[in-house]
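The primary structure of each chain is shown beneath.
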There are 2 protein chains.
Amino acid sequence: MKGKTSDSKLKIIPLGGLEEIGMNITAFEYEDSIVVVDCGLAFPDDDMLGIDLVIPDITYLKQNIKKVKGFVITHGHEDHIGALPYVLREINVPVYATKLTVGLIEHKLEERDMLRSTKRKTVKFGQSINLGKFRIEFIKTNHSIQDAAALAIYSPAGIVVHTGDFKVDYTPVFGDAIDLQRFAEIGKKGVLALMCDSTNAERPGFTMSEKTVGRAFDTIFSEHRSQRLIIATFASNVDRVQQIIDSAAKYGRKVVVEGRSMVNIISIAQELGYLKVPDNTLIDINMMKNYPDEQMVLITTGSQGESMAALSRMAADIHKKVTIKPGDLIVFSSHPIPGNEKAVSNVINELYEKGAEVIFQDVHVSGHACQEDIKLIYSLVKPKYSIPVHGEYRHLIAQKNIAESLGIDKDNIFVIKTGDVLELNQDGAKVTGKVETGEVMVDGLGVGDVGNIVLRDRQRLSEDGILIVVMTLEKHGNQLLAGPDIVSRGFVYVRESEDLMEEARLVVEDALDECLRRNISDWGKLKSSIKDSLGSFVWKRTQRNPMILPIIMEA
Amino acid sequence: MKGKTSDSKLKIIPLGGLEEIGMNITAFEYEDSIVVVDCGLAFPDDDMLGIDLVIPDITYLKQNIKKVKGFVITHGHEDHIGALPYVLREINVPVYATKLTVGLIEHKLEERDMLRSTKRKTVKFGQSINLGKFRIEFIKTNHSIQDAAALAIYSPAGIVVHTGDFKVDYTPVFGDAIDLQRFAEIGKKGVLALMCDSTNAERPGFTMSEKTVGRAFDTIFSEHRSQRLIIATFASNVDRVQQIIDSAAKYGRKVVVEGRSMVNIISIAQELGYLKVPDNTLIDINMMKNYPDEQMVLITTGSQGESMAALSRMAADIHKKVTIKPGDLIVFSSHPIPGNEKAVSNVINELYEKGAEVIFQDVHVSGHACQEDIKLIYSLVKPKYSIPVHGEYRHLIAQKNIAESLGIDKDNIFVIKTGDVLELNQDGAKVTGKVETGEVMVDGLGVGDVGNIVLRDRQRLSEDGILIVVMTLEKHGNQLLAGPDIVSRGFVYVRESEDLMEEARLVVEDALDECLRRNISDWGKLKSSIKDSLGSFVWKRTQRNPMILPIIMEA
């Protein structure tokens, strides 16, 4: 397709994933066709109090529903598939992915009884699918989950190569190494744009092979033969689990798997042939008591210090079936994701306090390409335009710097934002507009019913609590029938602050008297007078700023 | 004193600092004398919603007030001096420290008008003070703040060496290197116990000299001559500030200092002679506009991403006097403290988004001793007992492992906890009891008036908000005069959930009718019936668990 031009332009529109971590979803649009790559969720920021998860606003897709040909999913991590069950309810289009990814998606859909209503198709590496004016080819890569794919997106305006999350692993645990030859071959044809994973773009060097972790496990197993082993890692890293199982088999240990997501993924992976477990190796957690410590290894969730995960519950001594005891060796086969450092450290401290030994270094490798790996992909693909994806803004900038160092024209590198419409073909590329995007917050069963006002209230309630002032007034008059009473929650320990609360009541009474005396019957005014008086009294006395909520009843 | 024994034992009682980061305070008790080392605050954990800071419970000192001879402070960081203004209000005893430390303490006392009521004494390195049965010698060390001291605590039961927070810096920026000779000399006399800083006990090797950061600054200044420089670092690291000022003078830049704590500490340090500023170097922030970018360097707070600090406000574009623009170079001369990684990363992203360049690596060294430095101190002091201090539990364990590797008997290493009473002399050492300790939470002006119930309420309010159900009942009867009304905050966006709220009201009405019909006039029962019905309705419909607060008025 080298040099072939087209009047129409390809539009690349990230609907999520570029100004936040997670929530990856990008629309590719050419004339009457839209293909959407990935459909992930994000975990809530610290200031999204009480929110369970965040999904993308897909208004743009709904407005163009007739064009949307389907979702193409690069791999099975939550930040790439997690929003599908929510989004498919609003736009029911087919989903295309590799075998394990489809398996993980199906598990999600099944939980929500959406399996029958969703079309999905398993695609093999090297295979292409036609979706309207697009053809999408799945290219084998490596990542911290199996069956990860890069995509070659063929459009009349040119080819876009999207790496998805990837690393270069020459010696993967399962299946083939990344198909570098195919990247080169497509590069030879002439690639319009490369969208490459930026997560590790700040890290120099190469990312180590997953196999090196297997060797680390072997060393640990051989040096700690008399201890019970508990290894925490990411549920979705099936290769990691495979290597633990292999070491267990080699050193004569039984394996117990603990943690809901770990159990789920292992069973899916085993069923689909991605995990090979020797006979009589996996045992049920309830059988553990039949084996001595030195014959046991537990594989568990909780490597990020998540408060409800299995390892955290063991460390806090609230796990029903596993009690940490002196002599146990706990291995963190993970690295804390930014933001989780303190939680992980707390779990490590608790484990030490129970007399356990803890190993938390050098038993993990990243699933993302480092600087030299990124340079390799650029050098094989040789794109005209570079569009860094996946990562915080700082990581996109780091990739931009890499691309520049490789000789890509500064003006051909686009660090775009969620909602930007990047139009491109062989003649040029530029951001031509912006579409509606956003974060939809999921809280319990509610999708989008918690907005900024509710969050602001939660924030204020969390800081200084609430003072509720109730009173009953005579209907059509201004006679006080009951109250004013003040009830507080999250403000002070009332039993030790009775004087303060009584004084506060008097302040409200004065404000109320004053209003009634001046015949103010506008309740809005009455409420704001109470708010002001009580608020300034409380601030003066405590330097706190609780929410003040006057409620007037009419009887 | 080698070999000299005593019938009485020395008691070492940590009243804080061993199960949490910060809040360092340790009582040393011998017969009728108590000396307290340090009096620090801690910053609130993530689950202490709305809390400003945490100070130690000093019940034990109040109970033994007649014995307490004074506070001996090792250095001027908040986790060693921050609780003084609160604690001195309850036990007014003299404070002993080195010159800069006294200066920083005086600033705190002055702010609270406590200067006249507090006795304090400046001690020089090498000097000793007699406090009851104790003699305390101040020994020069190095740390990320000047004038840090280790203490040799002489008691009839033997000598305890307490390092405070320290590093070994052979080439400090200001003043002398750590007095290793004195450590050795005291070691030769025979040391009963060593209490050594564990913060970096997990890190192999040696800690680099502060001077290496000066060289890094010089390189940055020389390679970025045309850009405005903004350097964020810790306010209390005066040596760091000195090196920035030196580079500024060398490369012809004016210096602006921004951020309240930075301005305060620099003025104290300058006044006391710990910071040398060449004439016409420091300028006021309002004068900045008179100088071109390449002649300016700003030194600012905010290196930890603290939301209200100067750099964070600049990054968020809400700083009144500094606007980040393309071409600015921002240097983080710091490393994120565990728990701050995400906040720091957010600030870095915001700075990049404004087109600035950011340097955040290799412009910082730690203020704490690494493994080889710790081994050096043990080898000079050669204590009988080892009591690791300063650090999370994992760090104490790491130091324990170091002590063991140096040949100290496992039974002579005491990883103790806050409140433990460790009794020791030449004949033996053991934990013999536990005293009352705890965390006192400070919220606004309130000290200790927020307890676990209030925190639990804040937690619940922050997650799902509150539903307030109000009604007015006839006095001595069960006639409903007004309501029931439901008011919510932090639950759902009410305008879009009118149906839900109306249904909820009907649920309450039904529950109420049922109670009134059954002549239930016990308001406790009435309230819990409303709570149950409304709670289960809300859970079924939203899977949320807001606080439900029924308020009944009587008219």
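The structure displayed is predicted, hence computed values, not measured ones. (Residues numbered from 1 in each chain as written. Chains lettered and ligands numbered in written order. Predicted model: local features only at pLDDT ≥ 70, side-chain atom pairs only at ≥ 80, totals over all residues. Heavy atoms only, no water.)

## Describing the side chain of threonine 301 of chain B
Residues and elements named next belong to chain B.
Thought 1: Looking at where threonine 301 falls in the secondary structure, it is placed in the loop between β15 (296-300) and α9 (310-315).
Thought 2: Polar contacts involving the side chain of threonine 301 include one to the main-chain amide nitrogen of alanine 310, which spans 3.4 Å.
Thought 3: Filtering out sequence-adjacent residues up to four positions away, threonine 301 remains in contact with Thr233, Ala235, Glu258, Gly259, Ser261, Met262, Ala309, Ala310 and Leu311. (Helix = DSSP H or I, 4+ residues; strand = E, 2+ residues; numbered from the N terminus. Polar contact = N/O pair within 3.5 Å; in protein donor to acceptor, adjacent residues only side chain to side chain. Contact = heavy atoms within 4.5 Å.)

## Points about the relation of the copies chain A and chain B
Thought 1: When chain A is fitted to chain B, the residual RMSD is 0.1 Å, and the transformation amounts to a turn of 180° plus an axial shift of 0.0 Å. Taken together, the turn and the small shift mark the pair as related by a two-fold rotation axis. For chain A, the minimum C-alpha distance to the rotation axis belongs to serine 462 of chain A and amounts to 2.4 Å.
Thought 2: Interface overlap between copies: 100% of the residues of chain A at the interface are likewise at the interface in chain B, consistent with a symmetric, same-surface contact. (Least-squares fit on C-alpha atoms with pLDDT ≥ 70 in both.)

## Quick notes on the pattern of salt bridges
Close approach of charged atoms allows side chains of opposite charge to pair.
Thought 1: The final tally for this structure, using the stated rule, is 56 salt bridges over all chains.
Thought 2: The closest approach of N and O atoms between aspartate 449 of chain A and arginine 544 of chain B, which form a salt bridge, is 2.5 Å. Remark: arginine 544 of chain B occurs in the loop between α15 (523-542) and β25 (547-554) and aspartate 449 of chain A occurs in the loop between β22 (446-447) and α13 (452-464); the pair is interchain, linking two chains.
Thought 3: With relative accessibility at 16%, the residue aspartate 449 of chain A sits in the buried group.
Thought 4: Among the residues examined, arginine 544 of chain B registers a relative accessible area of 0% and is labelled buried.
Thought 5: Here glutamate 106 of chain B and arginine 120 of chain B are joined by a salt bridge, their closest N and O atoms 2.6 Å apart. Here glutamate 106 of chain B, found in helix α4 (residues 99-111), pairs with arginine 120 of chain B, found in strand β7 (residues 120-122); they are 14 residues apart in sequence, far enough to count as distant. (Salt bridge = Lys/Arg side-chain N within 4 Å of Asp/Glu carboxyl O. Buried < 20%, exposed > 50% of the residue type's maximum accessible area, 1.4 Å probe, protein only.)

## Some words on the interface of chain A and chain B
Thought 1: In this complex, chain A contributes 61 residues to the contact, which on the side of chain B involves 61 residues.
Thought 2: Run the count over chain A and chain B and you get 6 salt bridges.
Thought 3: A salt bridge links arginine 544 of chain A to aspartate 443 of chain B; the shortest N-O distance between them is 3.3 Å.
Thought 4: For the interface between chain A and chain B, the tally reads 25 residue pairs in polar contact (both at pLDDT 80 or more).
Thought 5: Here the side of chain A that touches chain B takes 8 residues from α13 of chain A, the largest share from any one element.
Thought 6: Grouping the constituent residues of the side of chain A that touches chain B by class yields 27 nonpolar, 14 polar and 20 charged. (Nonpolar A, V, L, I, M, F, W, Y, C, P; charged D, E, K, R; others polar.)

## With respect to helix α7 (residues 238-250) of chain B
Residues and elements named next belong to chain B.
Thought 1: The end-to-end C-alpha distance of α7, which contains 13 residues, comes to 18 Å, matching closely the 18 Å that a straight helix rising 1.5 Å per residue would cover.
Thought 2: Looking at the buried positions of α7, the neighbouring elements they touch are α6 (211-223), β13 (229-232), β14 (254-258), α8 (260-271) and β15.
Thought 3: Glycine 252 sits one or two residues past α7 and shows a positive phi near 70°. (Expected span 1.5 Å × (residues − 1).)

## Focus: the pairing of β15 of chain B
All names here are of chain B.
Thought 1: The buried fraction of β15 is high, at 5 of 5 residues.
Thought 2: Across the two faces of β15 the burial is the same, with Met296, Leu298 and Thr300 and Val297 and Ile299 all buried.
Thought 3: Pairing between β13 and β15: 4 bridges, direction parallel. When the sheet's bridge partners are listed, leucine 229 is paired in β15 with valine 297. (Pairing = 2+ DSSP bridges.)

## Digging into the sheet that holds β13 of chain B
Residue and element names in this part refer to chain B.
Thought 1: A sheet is described by the order of its strands in space; here 5 strands give the open sequence β14-β15-β13-β16-β17, paired in parallel fashion. Each edge of the open sheet is held by one strand with a lone partner, namely β14 and β17 (357-359). Ignoring strand direction, the axes of neighbouring strands in this sheet form an average angle of 20°.
Thought 2: Across 5 bridges, the pairing between β14 and β15 is parallel. By the bridge assignment, valine 255 is partnered in β15 with valine 297. (Axes fitted to C-alpha atoms, helices over the stretch in contact; angles between N-to-C directions.)

## Observations concerning the nonpolar core
Thought 1: Ranked by internal contacts, the top residues of the largest apolar core, which has 67 residues, are Leu61, Phe71 and Leu84 of chain B.
Thought 2: Two domains each donate at least three residues to this core, and these are domain 1 (10-205 + 366-433) and domain 2 (211-359) of chain B. (Core = buried A, V, L, I, M, F, W, Y, C linked by side-chain atoms within 4.5 Å. Domains from an automatic or database assignment.)

## Quick word on empty space enclosed by the protein
Thought 1: Going through the model one piece at a time under the given rule, you end up with 4 cavities of 30 Å³ or more.
Thought 2: If you trace the largest cavity, you find 22 residues lining it, with Asn142, His143, Ile145, Pro172 and Asp239 of chain A closest to the centre.
Thought 3: For the lining of the largest cavity, the residue count by class is 6 nonpolar, 8 polar and 8 charged.
Thought 4: The residues that make up the lining of the largest cavity include at least three from each of domain 1 (10-205 + 366-447) and domain 2 (211-359) of chain A.
Thought 5: Space inside the second largest cavity adds up to approximately 90 Å³.
Thought 6: Lining the second largest cavity are 13 residues, and of these Asn24, Thr26, His162, Val389 and His390 of chain B sit closest to its centre. (1 Å grid on protein atoms, 1.4 Å probe; cavity = no way out; pocket = protein on both sides within 12 Å on 5 of 7 lines; lining within 4 Å. Points joined across faces, edges and corners; volume = space filled by probe spheres on them.)

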